[in-house]
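Topology and contacts: notes
Residue strings, one per chain:
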Amino acid sequence: MIIRQLAKEELNKVQSIAHRTWPSTFANILSPEQIEYMLNWMYDLRMLESQLEKGHTFLLAEENGKELGFAGFELNYSEGPKAKLHKIYLLPEAQGKGVGKALILEVADRAKKANQKSLLLNVNKYNQKAIDFYLKMGFQEIYKEVIDIGNGYVMDDVVMELDL
Ligand SMILES: CC(C)(COP(=O)(O)OP(=O)(O)OC[C@H]1O[C@@H](n2cnc3c(N)ncnc32)[C@H](O)[C@@H]1OP(=O)(O)O)[C@@H](O)C(=O)NCCC(=O)NCCS
């Protein structure tokens, strides 16, 4: 398994993995309509490209040329300075095999080398599997927040932080 940084031309891989991962991840958490709304908005190629242009990094985990999952993060997201893990999704068949841990360690390593004091993330408060994974990785819950994302939808999140 290797982890490599994606260029603009390959952001369709991020989009494709998200579309293959979200339905099972959020089946019991969000309505199909909200999943569709969020995927179309957050994983629109122009949105991913503009995130790359403003400094987000997208890392792809792959094995024998087959993609397994990705992580997206941003340095200097807030004062501290603190980095933010914006996204991490592994294809269903690639989960539970240590790939998520390898991606988190890579993001944490890059953030630490860039003098970031901690790594922040938001996770849906009902996504207990992901919360348990983050706790295992050493993150702590710092607060909860509800974010209005339009169309009558909200993101009902827990904010977690890993000291670096
Ligand atoms: C959450 C996710 C990124 C975790 O990655 P993963 O590759 O499945 O997890 P790993 O196999 O690397 O697990 C790393 C460690 O966490 C533990 N762990 C993983 N999931 C766990 C869970 N649900 N409960 C308790 N421990 C868990 C593993 O046992 C492992 O422990 P070890 O280091 O002692 O062996 C991945 O499963 C995923 O993409 N899930 C669906 C999408 C999602 O929810 N993304 C997060 C959105 S905020």
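Notes on the structure in this doc start here. (Residues numbered from 1 in each chain as written. Predicted model: local features only at pLDDT ≥ 70, side-chain atom pairs only at ≥ 80, totals over all residues. Heavy atoms only, no water.)

**Remarks on the packing of aromatic side chains**
Applicable threshold: Working definition: a ring pair exists when centres of Phe, Tyr or Trp rings (six-membered ring for Trp) sit within 6.5 Å. Plane angles under 30 degrees give stacked, over 60 give edge-to-face, the rest tilted. Elements are defined by DSSP. Helices are runs of H or I of four residues or more, strands are runs of E of two residues or more, and each kind is numbered from the N terminus. The cut-offs for exposure are 20% and 50% of the maximum accessible area for each residue type, with area from a 1.4 Å probe on protein chains only; residues under the lower value are buried, those over the upper are exposed, and the others partly exposed. For a lysine, the NZ atom is tested; for an arginine, the CZ atom; a charge sits over a ring if that atom is within 6 Å of the ring centre and within 35 degrees of the ring normal.
For the coordinates displayed, the defined rule picks out 9 aromatic pairs. Summarising the aromatic geometry, the rings of Tyr37 and Trp41 are spaced 6.5 Å apart at their centres and angled 35° between planes, so their arrangement reads as tilted. A residue pair is termed a helical-turn pair when its members lie 3 or 4 positions apart in one helix, as Tyr37 and Trp41 do in helix α2 (residues 32-42) at 4 residues. Relative to Phe139, the ring of Tyr134 has its centre 5.5 Å away and its plane inclined at 65°; by these criteria the two rings are edge-to-face. Classification of Tyr134 as buried rests on a relative accessible area of 7%. Feature note: the residues Trp22, Phe26, Tyr43, Phe70 and Tyr89 constitute an aromatic cluster, connected by ring pairs. Over the face of the ring belonging to Tyr43 we find Lys87, whose NZ or CZ atom lies 5.3 Å from the ring centre.

**As for unusual backbone geometry**
Along the chain, Gly80 connects to Pro81 via a cis peptide bond; the corresponding omega equals -5°. Inspection of the secondary structure puts Pro81 in the loop between β3 (66-78) and β4 (82-90). A positive phi angle, near 50°, is found at Asn64, a position not held by glycine. Within the secondary structure, Asn64 is located in the loop between β2 (57-63) and β3. For Asn115, which is not glycine, the phi torsion reads 65° and is therefore positive.

**Description of the sheet that holds strand β1 (residues 2-5)**
Remark on secondary structure: sheet strands pair via backbone hydrogen bonds, oriented parallel or antiparallel. Cut-off, in case you're wondering: When DSSP finds two or more bridges between a pair of strands, those strands are recorded as paired. For every element, the axis is a line fit to its C-alpha atoms; helices are fit only across the contacting stretch, and the angle between N-to-C directions ranges from 0 to 180 degrees. Contacts are assigned to residue pairs with any non-hydrogen atoms lying within 4.5 Å of each other.
As summarised here, the arrangement of the 7 strands in space is β1-β2-β3-β4-β5-β7-β6, forming an open sheet in which the pairing is mixed. Two strands in the sheet have a free side with no partner beyond their single neighbour: β1 and β6 (140-150). Here the average twist between neighbouring strands, direction ignored, is 30°. As paired strands, β2 and β3 are joined by 7 bridges and run antiparallel to one another. The residue of β3 that forms the bridge with Ala61 is Gly69. Of the strands in this sheet, β4, β5 (118-124) and β7 (153-163) are in contact with helix α5 (residues 128-136), which crosses β5 at around 160°.

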